[in-house]
Amino acid sequence: MSNSELIVLNNEKVSKKGNVYYSRNYNLKILPEGLNNFFNVKYIARKSNVEENHKMNFTEIKISSNIFQFIYFVFSTFKNKNAKYFIISISPYTFIAFIFLFVFRKKIYLYLISSGYEEWRYILGSWSIWVYHLMYKIMTSNSTVITLHDKLVKQNEGYVINSSSLNDSWLSNIKNAELDKIKFLYIGRINPEKGIYEFLKMFKKIEFDSEITIIGKAKNLIIQKRMNDLIQNNPRIKFQGVVSNREKLKEIYDEHNIFILPSFTEGQPCVVDEALARRRPVLIFENISHIIKDRKGIFVSQRNLDSFTKITKYIMQNYEQIQSQIKKNKLTLEKDMFKDIVAIINR
């Protein structure tokens with residue numbers, strides 16, 4: 001590990017129990033952990049008032065209860081004049097921190113995961129886009145941008161890498177899919193922009209024999225109640241909550257035969273590569289067709305029942321052939337992702 005100090009700033013919420021920290025999002029847990037293998041990482045995030053699920057394997061973490069404490073933690077890192085700053089995503093918290101970092105002429109890397117324009121529109125409404133645009137323009141113009149898709153940055157104005165949550169074990173000991181019944185799987189946040197509510201409304205109208213398992217967590221009780229109202233003890237919809245054990249997660253992928261990602265907006269979702277690593281076809285909708293890139297085994301449906309039914313039946317009728325194509329994918333591993341990020345920071 002290098003002695004170089006890297007301060008990672010994130011809008012993500014983290015909880016603490018005893019001396020152990022827990023992240024809400026697995027992919028945002030592995031970023032500071034992985035970078036800590038190459039740099040002396042200090043992680044600044046927001047405090048969660050509920051117990052999160054993904055245990056973090058290092059302790060150089062500060063969690064703030066409000067924006068003032070968040071900025072205080074940022075200022076406390078200024079003692080090391082050579083420290084570099086790695087900001088994950090654009091939010092009001094990270095934007096205000098960025099302004100101070102810019103004023104004090106700090107070296108800043110901005111890591112963009114998905115389109116904030118689309119996320120803000122779905123979460124807050126169209127009126128909010130101009131706010132995000134202002135933050136985006138200021139931050140991307142004055143930092144080194146690292147992004148997961150070329151649509152998130154102008155040509156030659158940043159670095160595009162592939163993200164991953166995979167290690168070698170994801171590519172071995174894969175169980176054969178059972179095809180007697182269509183078993184959909186969704187893994188992700190239970191948020192409006194993920195499209196899971198709209199999908200469940202459509203799923204309840206499906207006439208062919210099928211079921212769906214949902215793995216994830218709602219960020220508040222209002223969203224959880226909305227999910228519960230949609231499910232209404234429907235035996236075809238199984239809601240399991242969060243699964244933080246990675247070995248168990250592999251088993252869950254293997255127990256299903258189609259991975260569904262109904263999101264309205266995405267950057268490069270790691271769950272897609274996880275499904276493909278277990279040789280499970282992935283079904284998405286037109287809004288996020290850009291995530292396919294050169295990968296085999298991802299199918300695009302229009303957001304209506306007829307199109308969805310047609311694509312689903314095609315997948316099931318051609319399953320073995322599709323799996324043969326999936327085997328040809330060259331999936332990025334987590335170690336490759338960190339190799340790329342570290343190379344950019346060390347330039």
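Conventions adopted
- Residues numbered from 1 in each chain as written.
- Predicted model: local features only at pLDDT ≥ 70, side-chain atom pairs only at ≥ 80, totals over all residues.
- Heavy atoms only, no water.
- Core = buried A, V, L, I, M, F, W, Y, C linked by side-chain atoms within 4.5 Å.
- Buried < 20%, exposed > 50% of the residue type's maximum accessible area, 1.4 Å probe, protein only.
- Helix = DSSP H or I, 4+ residues; strand = E, 2+ residues; numbered from the N terminus.
- Contact = heavy atoms within 4.5 Å.
- Axes fitted to C-alpha atoms, helices over the stretch in contact; angles between N-to-C directions.
- Parallel < 35°, antiparallel > 145°, perpendicular 65-115°, else oblique.
- Left-handed = near helix turned anticlockwise from the far one by under 90°.
- Nonpolar A, V, L, I, M, F, W, Y, C, P; charged D, E, K, R; others polar.
- Patch = residues over 30% accessible without salt bridge, like charges linked within 9 Å, V, L, I, M, F, W, Y side chains within 5 Å.
- Areas by Shrake-Rupley, 256 points an atom, 1.4 Å probe, with all protein chains shown as cover.
- Salt bridge = Lys/Arg side-chain N within 4 Å of Asp/Glu carboxyl O.
- Phe/Tyr/Trp six-rings, centres within 6.5 Å; stacked < 30°, edge-to-face > 60°.
- Lys NZ or Arg CZ within 6 Å of the ring centre and 35° of its normal.
- Pairing = 2+ DSSP bridges.
- Expected span 1.5 Å × (residues − 1).
- Arc of directions from axis to C-beta.
- Right-handed = clockwise from strand over helix to strand, strands pointing away.
- 1 Å grid on protein atoms, 1.4 Å probe; cavity = no way out; pocket = protein on both sides within 12 Å on 5 of 7 lines; lining within 4 Å.
- Points joined across faces, edges and corners; volume = space filled by probe spheres on them.

Student: So, the nonpolar core: which residues are in play, and what are the values?
Tutor: Phe199, Ile212 and Phe308 are the most contacted members of the largest nonpolar core, which has 57 residues in total. Looking at this core element by element, the count peaks at six residues for helix α6 (residues 196–203). Excluding anything up to four places from it in sequence, Ile212 contacts Phe184, Tyr186, Phe199, Leu200, Phe203, Arg236, Ile237, Lys238 and Ile260. With 30 residues, the next largest nonpolar core counts Leu28, Ile61, Ile63 and Phe86 among its residues.

Student: If you had to explain the packing of helix α4 (residues 116–124) against helix α5 (residues 129–141) to someone new, which residues and values would you point to?
Tutor: Viewed as axis vectors pointing N to C, α4 and α5 meet at an angle of 155 degrees, and their least axial separation amounts to 9 Å. If you check the angle between α4 and α5, you find them roughly antiparallel. Like other packed secondary-structure pairs, α4 and α5 cross with a definite hand, here right-handed. Residues Gly116, Tyr117, Trp120 and Arg121 of α4 pack against Ile129, Val131, Tyr132, His133, Met135 and Tyr136 of α5. Here the contact of α4 with α5 is composed, by residue class, of seven nonpolar, two polar and one charged.

Student: Go over a nonpolar patch on the surface, please, and point to the residues and values.
Tutor: A contiguous nonpolar surface patch, about 580 Å² in accessible area, is contributed by Phe75, Ile96, Ile99, Phe100, Phe102, Val103 and Phe104. You can see Val103 is positioned in helix α3 (residues 92–103). Assessed through its relative accessible area of 54%, Val103 is described here as exposed.

Student: Can you lay out the packing of aromatic side chains for me, pointing to particular residues and giving the numbers?
Tutor: Counting across every chain of the model gives 21 aromatic pairs. Ring centres of Phe75 and Phe100 lie 5.1 Å apart, and the angle between their planes is 65 degrees; this geometry places the pair in the edge-to-face category. Of this pair, Phe75 sits in helix α2 (residues 67–75) while Phe100 sits in helix α3, placing them 25 residues apart in sequence. For Phe100, a relative accessible area of 31% gives the class partly exposed. Through a chain of ring-to-ring contacts, the aromatic side chains of Phe75, Phe78, Tyr85, Phe100 and Phe104 assemble into a single cluster. The cationic tip of Lys107 hangs over the ring face of Tyr109; the distance from NZ or CZ to the ring centre is 5.3 Å.

Student: Tell me about the sheet that holds strand β13 (residues 258–261), and please be specific about residues and values.
Tutor: Taken in spatial order, the six strands of this open sheet run β12-β11-β10-β13-β14-β15, and their pairing is parallel. This sheet does not close on itself; its edge strands, each paired only once, are β12 (237–241) and β15 (298–301). Averaged over neighbouring strand pairs, the angle between their axes works out to 25 degrees when direction is ignored. Relative to β15, strand β14 (residues 282–285) runs parallel, the two sharing four bridges.

Student: Any chance you could break down α5 for me, citing the residues and the numbers?
Tutor: Across its 13 residues, α5 extends 18 Å between first and last C-alpha, which sits within 8% of the 18 Å expected from 1.5 Å per residue. Listed as buried for α5 are Tyr132, Met135, Tyr136, Met139 and Thr140. Within α5, the buried residues cover an arc of 115 degrees as seen down the axis, which keeps them to one side. Seen from the buried face of α5, the exposed residues on the opposite side, beyond 90 degrees, are Trp130 and Ser141.

Student: Quick rundown of the side chain of Asp254? Include the residues and the values.
Tutor: Examined against the element boundaries, Asp254 turns out to sit in helix α8 (residues 246–254). With residues near it in sequence (within four places) discarded, Asp254 still touches Asn173, Ile174, Lys175, Arg278 and Arg280.

Student: Requested: an account of the pairing of β14, with residues and values cited.
Tutor: Alternating positions in β14 separate into two faces, Val282 and Ile284 on one and Leu283 and Phe285 on the other, with burial throughout. The pairing of β13 with β14 spans three bridges and is parallel. Residue pairing across strands places Phe259 opposite Val282, the latter belonging to β14. In this region the chain leaves β13, passes through helix α9 (residues 270–277) and returns to the parallel neighbour β14; the handedness of that crossover is right-handed.

Student: Could you give an account of empty space enclosed by the protein, naming the residues involved and the relevant values?
Tutor: For the coordinates displayed, the defined rule picks out one cavity of 30 Å³ or more. As a volume, the largest cavity reaches approximately 30 Å³. What lines the largest cavity is simply Ser163, Ser164, Ser165, Gln268, Pro269, Cys270, Asp273 and Arg295. In terms of residue class, the lining of the largest cavity is built from two nonpolar, four polar and two charged.

Student: Talk me through α6; I want residue IDs and the actual numbers.
Tutor: α6 sits mainly inside the fold: six of its eight residues count as buried. Along α6, the residues classified as buried are Ile196, Tyr197, Phe199, Leu200, Met202 and Phe203.

Student: Give a detailed account of the pattern of salt bridges, specifying residues and quantitative values.
Tutor: Opposite charge on two side chains lets them pair, provided their charged atoms get close. In the structure shown here, the tally under the stated rule is 16 salt bridges. A salt bridge links Glu5 to Lys42; the shortest N-O distance between them is 3.4 Å. Here the residue Glu5 occupies a position in strand β1 (residues 5–17), and Lys42 occupies one in strand β3 (residues 40–47), the gap between them amounting to 37 residues. Taking the shortest distance from any N to any O, the salt bridge between Lys181 and Asp209 comes out at 4.0 Å. Taken together, the positions of Lys181 in the loop between β9 (159–160) and β10 (182–187) and Asp209 in the loop between α6 and β11 (210–215) put the pair 28 residues apart, joining distant regions of the chain.

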